[in-house]
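Now for the letters of each chain:
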Amino acid sequence: MTSGVTPALAVVEAWLGGRRPSVALVLGSGLGGLADRLDGADHLPYGRIPGFPGTTLPGHAGELVAGMLGGRQVLCQSGRFHAYEGHGQATVILPSRLFAALGIGQVILTNAAGGIRRTFAPGTLMCVADQVNLTWANPLAGALVPGDTRFPDMSAPFDAELIALAHRVAGAGGVALEDGVYGGVMGPSYETPAEVRMLERLGADAVGMSTIAEVIALRARGLRCLGLSLITNRAAGLSLTPLSHADVMTTARAAGAALGRLVEGVVASLHAREAGTL
Ligand code: HPA
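Residues numbered from 1 in each chain as written. Predicted model: local features only at pLDDT ≥ 70, side-chain atom pairs only at ≥ 80, totals over all residues. Heavy atoms only, no water.

1. Some thoughts on the site of the ligand
- By nearness alone, every residue bordering the ligand is listed as Ala-112, Ala-113, Gly-114, Tyr-190, Glu-191, Val-207, Gly-208, Met-209, Thr-232, Asn-233, Leu-243 and Val-248.
- In the environment of the ligand, a nitrogen atom lies 2.8 Å from a nitrogen or oxygen atom belonging to the side chain of Glu-191.
- Bound to the protein, the ligand loses 95% of the 260 Å² it would expose on its own.
- Using a 2 Å cut-off from the grid points, one finds that the ligand occupies the largest pocket.
- Secondary-structure elements contributing two or more residues to the shell around the ligand are strand E5 (106-115), strand E8 (206-208) and strand E9 (224-234).
- In terms of residue count, the dominant contributor to the shell around the ligand is E5 (three residues).
- Per-class residue counts for the shell around the ligand are seven nonpolar, four polar and one charged. (Near = heavy atom within 4 Å. Polar contact = N/O pair within 3.5 Å; in protein donor to acceptor, adjacent residues only side chain to side chain. Areas by Shrake-Rupley, 256 points an atom, 1.4 Å probe, with all protein chains shown as cover. 1 Å grid on protein atoms, 1.4 Å probe; cavity = no way out; pocket = protein on both sides within 12 Å on 5 of 7 lines; lining within 4 Å. Sits in = over half its atoms within 2 Å of the grid points. Helix = DSSP H or I, 4+ residues; strand = E, 2+ residues; numbered from the N terminus. Nonpolar A, V, L, I, M, F, W, Y, C, P; charged D, E, K, R; others polar.)

2. Focus: the layout of surface pockets
- The volume enclosed by the largest pocket comes to roughly 340 Å³.
- Lining the largest pocket are 23 residues, and of these Ser-29, Ala-112, Tyr-190, Met-209 and His-245 lie nearest its centre.
- When residues of the lining of the largest pocket are traced back to their parent elements, those giving at least two are E5, E8, E9 and helix H7 (245-275).
- A total of four residues in the lining of the largest pocket trace back to one element, the largest contributor, which is E5.
- The class makeup of the residues in the lining of the largest pocket is twelve nonpolar, nine polar and two charged.
- What the second largest pocket holds in volume is close to 210 Å³. (Points joined across faces, edges and corners; volume = space filled by probe spheres on them.)

3. Regarding empty space enclosed by the protein
- With the rule as written, the count across this model stands at one cavity of 30 Å³ or more.
- Considered as a void within the structure, the largest cavity measures approximately 160 Å³ in volume.
- Lining the largest cavity are 16 residues, with Ala-83, Val-92, Met-209, Ser-210 and Ala-213 sitting closest to its centre.
- Among the elements that make up the lining of the largest cavity, the one with the highest residue count is helix H6 (residues 212-220) (three residues).
- Tallied by class, residues from the lining of the largest cavity come to nine nonpolar, five polar and two charged.

4. Looking at the packing of aromatic side chains
- One pass over the full model with this rule turns up three aromatic pairs.
- Here the aromatic rings of Phe-52 and Phe-81 are separated by 5.5 Å at their centres, their planes lie at 85°, and the arrangement is edge-to-face. Taken as a pair, Phe-52 in the loop between strand E2 (39-45) and strand E3 (63-69) and Phe-81 in the loop between strand E4 (72-78) and helix H2 (89-92) lie far apart in primary sequence, 29 residues in all.
- According to the relative accessible area criterion, Phe-52 is buried, its value standing at 6%.
- In this structure an aromatic cluster arises from ring pairing among Tyr-46, Phe-52 and Phe-81. (Phe/Tyr/Trp six-rings, centres within 6.5 Å; stacked < 30°, edge-to-face > 60°. Buried < 20%, exposed > 50% of the residue type's maximum accessible area, 1.4 Å probe, protein only.)

5. A look at the side chain of Asp-148
- With respect to the element layout, Asp-148 can be found in the loop between strand E6 (125-134) and helix H4 (160-172).
- Of note is the side chain of Asp-148, whose polar atom sits 2.6 Å from the side chain of Arg-97.
- Beyond its immediate chain neighbours, meaning those up to four positions away, Asp-148 contacts Arg-97, Leu-140, Ala-220 and Arg-221. (Contact = heavy atoms within 4.5 Å.)

6. Side note on the pairing of E3
- For E3, a buried count of six out of seven residues is recorded, marking the element as mostly surrounded by other parts of the structure.
- Taken together, the five bridges between E2 and E3 define a ladder with antiparallel strand orientation. Residue Leu-44 lies in a different strand from E3, and its bridge partner there is Leu-64.
- Pairing between E3 and E4: seven bridges, direction antiparallel. Paired with Leu-64 across the strands is Gln-77, a residue of E4.
- The hairpin turn running from E3 into E4, its antiparallel successor, is two residues long, and Gly-70 in that turn takes a positive phi close to 55°. (Pairing = 2+ DSSP bridges.)

Don't take any of this as a statement about function, it's just geometry.
So, in C-alpha cells, the structure goes:
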C-alpha cells in the first residue's frame, strides 16, 4: 500500500461497505455506457475521493461505479486521468493503485484507439496482445513506492488466460475480436501521417493516449490485465477524413454496446470459472 492512495482507500472502502469487487473495469473515451449495464449501480463522484481530480473531458464521467455485472461484484472507473491533461504519472495511476490496495486481482482496461493495421475499420474490437510505450514517461520512475516492484517483468503485460477467455466469449457470441499491439502516445494532438507510419514500423496495430501507464503500474503490483480497444477511426493519413474527438466519441458510443456485451461475457465467464462451473 502507498501513502498516496491511503486517503482515497479509506473513503472508497467506507463507500463499498461489505462489497468486495474482485474485478475492476476501466472505461475509455465514450465507453462510459458500460457502467449502465451494472445492476444496483452505486456512484461515487471523484470529487468525494481524496487525491482524485475532476475529469476535464467530455465522454469521461468522473466517478467510480460499483455494482453487479455477469453475476459478480465489479468496480468501474468511469473517467481516466491522462498525462496530456497535465496530470503527473502518480495521478494517472492513482486508480490503479487503489484497485491493488482494495485487493482487486484483475482489471479490464478499455480504450478508444486509432486503427493502424489496414484492416482495422472503425468499429473493430481489438484485444491488446502487447503494448509499446511511446509516451516518454514511466509511472514507476522515481523513489520506489512501497508495494511496487522496482523492475517489474513486462514479458506478458496482458494476461494470456484472460486473452483466451475474451476470445472464447467473443467466438461464442459471434463477435469479431482481433489481436493487436497498442502503441501508447502522450497526445493530446493526434498523430501526423509520418508518425503513424513510424508507429506501424515499430509494430503498433492501433494507437491511443491511455492504458500504457496503468498497465505498467498494475503489473508492478501483480494484477492481471485484459486490454480491449475499440477502433474509433483509421489513424491519421490512412483515410481522407481529418480526426476529431467528437467523431471518436460518436463511434465509441455507437460501437460501445458490442464492447459492453463482450466485457460482461468475460466477467460472467470469470465468475463461472472461479465457481467451478466452466
Ligand atoms: N490516435 C490517438 N488516440 C486516439 C485515436 C487516434 O487516432 N483515436 C482514438 N484515440
